[in-house]
Amino acid sequence: AQSVTQLGSHVSVSEGALVLLRCNYSSSVPPYLFWYVQYPNQGLQLLLKYTSAATLVKGINGFEAEFKKSETSFHLTKPSAHMSDAAEYFCAVSDQAGNQFYFGTGTSLTVIP
Amino acid sequence: DTGVSQNPRHKITKRGQNVTFRCDPISEHNRLYWYRQTLGQGPEFLTYFQNEAQLEKSRLLSDRFSAERPKGSFSTLEIQRTEQGDSAMYLCASSVQGIGGYEQYFGPGTRLTVT
């Protein structure tokens, strides 16, 4: 069975501050992990993915995430928040066959000017 | 390539009516997924196709829901006898196996409101 837990349904940061969005996963098989961003009334856009290569994954828009097996975590970070980063962020896990994808409940990021 | 498209973008229907949504995936993608997303929640997996074969169905997919992908290209999701609890955003995604597994590309979704 696979699942993800996103701690903090709402996160607020000041413009220019560090962004940290938390994701913990549960998987009985080696997981593939993903972060998606969703803007209002739009579909999801892939930010980055971990697929058992490098544990530090760099994505689009300056985001990165680190896979930590010992902590079963895949937290998303960005050194300096921009106003355009305000959106809903989802962490997801799948098996390596891509048969099903399980999403977390999302974290809404607010950026304060 | 214009990405994944979904039609209609919005649908308002009365309880008890049938509705059908369409998804056109990225042309070379052999996998197509349907999800349901309610307010404040992440997408919930409903079903997926590999080419024209429906390989997985969630327990969320009641017998009022049916999905098809007749020629392995576009897909339709039909909901019969709609209920107010069916109100949600229905998302479609497509993927193809590449280096590092499958990467999903999502459409903009169809927002269903059942009155």
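Computed from a prediction, not measured in an experiment: that's the story for all the values here.

Undergrad: How would you summarise unusual backbone geometry if you had to cite specific residues and measurements?
TA: The residue after N7 of chain B, namely P8 of chain B, is reached through a cis peptide bond having omega -10°. Examined against the element boundaries, P8 of chain B turns out to sit in the loop between strand 1 (5-7) and strand 2 (10-13). Residue N61 of chain A is not a glycine yet carries a positive backbone phi of 60°. On the secondary structure map, N61 of chain A appears in the loop between strand 7 (56-58) and strand 8 (64-68). Unlike most non-glycine residues, R81 of chain B shows phi in positive territory, near 50°.

Undergrad: Can you lay out the pairing of strand 3 (residues 19-24) of chain B for me, pointing to particular residues and giving the numbers?
TA: All names here are of chain B. The alternating pattern of strand 3 places V19, F21 and C23 on a buried face and T20, R22 and D24 on a face that is not buried. With 3 bridges connecting them, strand 1 and strand 3 associate as antiparallel partners. The residue bridging N7 from the neighbouring strand is R22, located in strand 3. Of the pairings in the sheet, the one linking strand 3 to strand 8 (residues 75-79) comprises 5 bridges and is antiparallel in character. Bridge assignment links R22 to a residue of strand 8, and that residue is T76.

Undergrad: So, the interface of chain A and chain B: which residues are in play, and what are the values?
TA: Between chain A and chain B, the contact holds 20 residues from the first and 23 residues from the second. Summed over both sides, the interface of chain A with chain B buries roughly 1,800 Å², with 48% coming from carbon and sulfur. The interface formed by chain A and chain B contains 1 salt bridge. The salt bridge partner of K49 of chain A is E103 of chain B, with a shortest N-O separation of 2.8 Å. At the junction of chain A with chain B, the criterion picks out 2 residue pairs in polar contact (both at pLDDT 80 or more). For the side of chain A that touches chain B, the secondary structure elements donating two or more residues are strand 5 (32-38), strand 6 (44-50) and strand 11 (101-103) of chain A. With 4 residues, the top contributor of residues to the side of chain A that touches chain B is strand 5 of chain A. Class assignment of the residues belonging to the side of chain A that touches chain B gives a composition of 9 nonpolar, 10 polar and 1 charged.

Basis of the calculations
- Residues numbered from 1 in each chain as written.
- Chains lettered and ligands numbered in written order.
- Predicted model: local features only at pLDDT ≥ 70, side-chain atom pairs only at ≥ 80, totals over all residues.
- Heavy atoms only, no water.
- Helix = DSSP H or I, 4+ residues; strand = E, 2+ residues; numbered from the N terminus.
- Buried < 20%, exposed > 50% of the residue type's maximum accessible area, 1.4 Å probe, protein only.
- Pairing = 2+ DSSP bridges.
- Contact = heavy atoms within 4.5 Å.
- Buried area = accessible area lost by both parts, 1.4 Å probe.
- Salt bridge = Lys/Arg side-chain N within 4 Å of Asp/Glu carboxyl O.
- Polar contact = N/O pair within 3.5 Å; in protein donor to acceptor, adjacent residues only side chain to side chain.
- Nonpolar A, V, L, I, M, F, W, Y, C, P; charged D, E, K, R; others polar.

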